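Understanding the architecture of this molecule
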Amino acid sequence: MSKQYNVAVVGATGAVGEEILLILDEMDIPVGKLIPLASARSAGNTVEFKGKNVTVLELTETVFDEQQVEIALFSAGGSISEKYAPFAAKAGAVVIDNTSHFRMQEDVPLVVPEVNPEDIRLWKKTGIIANPNCSTIQMVIALKPLDEAYGIRRVDVSTYQATSGAGKTAMEELMNQTRDLLNFDFENTVVEKFPHKIAINVIPQIDKFQDNGFTKEELKMVNETQKIMHKTMQVAATCVRVPVLRGHSESVTVHFDDVVHADEAREILGKAEGVTLEDTPYEGKYPMPLNATGKDDTFVGRIRNDLYDKSILHMWIVADNLRVGAATNAVKIAKKWIEMEGGN
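Described in the following lines is the structure provided in the data block. (Residues numbered from 1 in each chain as written. Predicted model: local features only at pLDDT ≥ 70, side-chain atom pairs only at ≥ 80, totals over all residues. Heavy atoms only, no water.)

1. Comments concerning the packing of helix α4 (residues 134-150) against helix α9 (residues 323-339)
- Viewed as axis vectors pointing N to C, α4 and α9 meet at an angle of 85°, and their least axial separation amounts to 8 Å. Judged by the angle between their axes, α4 and α9 are roughly perpendicular. Residues Cys134, Ile137 and Ile141 of α4 form the contact with α9, whose own contacting residues are Val324, Gly325, Ala326 and Asn329.
- Of the residues contributing to the contact of α4 with α9, the split by class is five nonpolar, two polar and no charged. (Axes fitted to C-alpha atoms, helices over the stretch in contact; angles between N-to-C directions. Helix = DSSP H or I, 4+ residues; strand = E, 2+ residues; numbered from the N terminus. Parallel < 35°, antiparallel > 145°, perpendicular 65-115°, else oblique. Contact = heavy atoms within 4.5 Å. Nonpolar A, V, L, I, M, F, W, Y, C, P; charged D, E, K, R; others polar.)

This is how it looks when you write it as structure tokens:
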């Protein structure tokens, strides 16, 4: 019998935590014991895993030792990871953290298994592996095979990000505002999760603006892309929140070192790991959030050369942000770590 692992999910009752539980089962990760962890408020509730109800335990500084945790998947916010991830690592677990807290720390690997799986072996420096930003993950999955084939010089991206990227309550806010709109009470609708109303609107701001005019979310995409791909190529991002429940979309312009033909790029992406090519636009087939929801691939389409410069490609990328952009990537890291026998 293959080795079974004691796996903790921190934030098990949240939107990403729920997806992690599903994907642990779907990917047949060898879980000997599941330890769902959450705040004292949620402790005592149950979550479903492999058809059974499992009691949620309170997240404490000692629970990782007490439960002999070997893999700890964190998805409960940066401040929680900052406080508790070191305790999990000290207890001997490999921490796979879905927040932004550790991503740019030099001694913490930032991993997308389809792009830089070899970096997983660096986990022993701190005991922590960081999961990238949701928008970064789907973009680099599409960029990596093209960079290997042609060499990327610059990337310009505009994102159209679903409300689920801001959590369950953000999705509820969109639904509540939509209900208020239909009930002709839109003027009095509650605005809490976003800087403006999100129903029938788009908001060109995700996270706080910095002194250079970019938001923190946009700079995450810049810095994380360079770290994951081990390349200081130019990246510029504009991140926009849209009234979609689930599934991030991206309009991406890629500048290459040499001339690239769209048909060749299409063929490369059609064979790439983690990519589903959906590019027959004249038949109305191209990536959309509705079709990507619940899927574990990154969907790529609308691939075309620039009208003026044949070393530039434009494409459209869509993925389920709760799965590809968070839970699936985290579980894939865990699976790859296990294949590497704990990184040895």
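Having seen it, we continue.
2. As for the pattern of salt bridges
- This structure, assessed with the given rule, holds 21 salt bridges.
- Among the ionic pairs, Lys220 bridges to Asp207, the shortest N-O distance being 3.8 Å. You can see Lys220 sitting in helix α6 (residues 216-229) and its partner Asp207 sitting in the loop between α5 (168-182) and α6, a full 13 residues away along the chain.
- When its relative accessible area of 31% is taken as the criterion, Asp207 is described as partly exposed.
- Asp296 serves as the salt-bridge partner of Arg323, at 2.9 Å between the closest nitrogen and oxygen. Highlighted residues: Arg323 in helix α9 and Asp296 in the loop between α8 (289-292) and β13 (298-305), separated in sequence by 27 residues.
- Arg323 gets classed as buried once you look at its relative accessible area, which sits at 4%. (Salt bridge = Lys/Arg side-chain N within 4 Å of Asp/Glu carboxyl O. Buried < 20%, exposed > 50% of the residue type's maximum accessible area, 1.4 Å probe, protein only.)

3. Section: the packing of aromatic side chains
- Under the definition given, this model contains five aromatic pairs.
- Between Tyr5 and Trp337, the ring centres sit 6.0 Å apart and the planes meet at 65°, which makes this aromatic pair edge-to-face. Of the two residues, Tyr5 sits in strand β1 (residues 5-10) while Trp337 sits in helix α9, which places them 332 residues apart along the sequence.
- Looking at Trp337, the relative accessible area reads 6%, which means it is buried.
- An angle of 50° between the planes, with centres 5.5 Å apart, marks the rings of Tyr160 and Trp316 as tilted. Taken together, the residues span a long stretch of sequence, with Tyr160 in strand β9 (residues 152-161) and Trp316 in strand β14 (residues 312-319) at a distance of 156 residues.
- The class of Trp316 is partly exposed, set by a relative accessible area of 23%.
- Connected via pairs of aromatic rings, a cluster forms that spans Tyr5, Trp123 and Trp337.
- Lying over the aromatic face of Phe186, Lys197 brings its terminal NZ or CZ to 4.4 Å of the ring centre. (Phe/Tyr/Trp six-rings, centres within 6.5 Å; stacked < 30°, edge-to-face > 60°. Lys NZ or Arg CZ within 6 Å of the ring centre and 35° of its normal.)

4. Considerations on the sheet that holds strand β12 (residues 275-277)
- Here we have six strands laid out as an open sheet, ordered β10-β9-β11-β14-β13-β12, and mixed in their pairing. Pairing within the sheet leaves two strands with one partner each, and these edge strands are β10 (234-241) and β12. Sheet twist, expressed as the average angle between the axes of neighbouring strands with direction ignored, equals 25°.
- Bridge count for β12 against β13 is three bridges, and the pairing is parallel. In the strand pairing of β13, Val275 is matched with Thr298.
- Packed on one face of the sheet, helix α7 (residues 262-270) meets β12, β13 and β14 and runs near 170° to β13. (Pairing = 2+ DSSP bridges.)

5. Quick look at the sheet that holds strand β7 (residues 94-97)
- Strands sit in the order β5-β2-β1-β6-β7-β8 across an open sheet of six strands; the sheet is parallel. The outermost strands of the open sheet, each flanked by one partner alone, are β5 (57-58) and β8 (128-130).
- Together, β1, β6 (71-74), β7 and β8 form the strand contacts of helix α3 (residues 78-90), whose direction differs from that of β6 by roughly 175°.

6. Looking at the packing of helix α1 (residues 15-26) against α9
- For the pair α1 and α9, interaxial distance at closest approach is 9 Å and the crossing angle is 50°. Relative to α9, the element α1 is oriented oblique. As α1 runs across α9, the sense of the crossing is right-handed. Contact residues: α1 offers Val16, Glu19, Ile20, Ile23, Leu24 and Glu26, while α9 offers Arg323, Ala326, Ala327, Thr328 and Val331.
- Taken together, the residues of the contact of α1 with α9 break down into seven nonpolar, one polar and three charged. (Left-handed = near helix turned anticlockwise from the far one by under 90°.)

7. Section: α7
- Listed as buried for α7 are Ala262, Ala265 and Leu269. Buried residues along α7 cover an arc of 60° about the axis, so they all sit on one side.
- Buried-residue contacts for α7 involve α4, β12, β13 and β14. (Arc of directions from axis to C-beta.)

8. What to know about the side chain of Ser81
- Take Ser81: it is sitting in helix α3.
- A distance of 2.4 Å separates polar atoms of two side chains, one belonging to Ser81 and the other to Asp97.
- Residues contacting Ser81, with those up to four places away along its chain left out, are Phe74, Pro86, Asp97, Thr99 and Phe102. (Polar contact = N/O pair within 3.5 Å; in protein donor to acceptor, adjacent residues only side chain to side chain.)

9. What about empty space enclosed by the protein?
- A complete count under the given rule lists one cavity of 30 Å³ or more for this structure.
- Of the volumes computed, that of the largest cavity is approximately 40 Å³.
- Taken together, Glu114, Ile141, Asp296, Val324, Thr328, Asn329 and Lys332 make up the full set of residues lining the largest cavity.
- In terms of residue count, α9 provides more of the lining of the largest cavity than any other element does, four residues in total.
- Residues belonging to the lining of the largest cavity are distributed by class as follows: two nonpolar, two polar and three charged. (1 Å grid on protein atoms, 1.4 Å probe; cavity = no way out; pocket = protein on both sides within 12 Å on 5 of 7 lines; lining within 4 Å. Points joined across faces, edges and corners; volume = space filled by probe spheres on them.)

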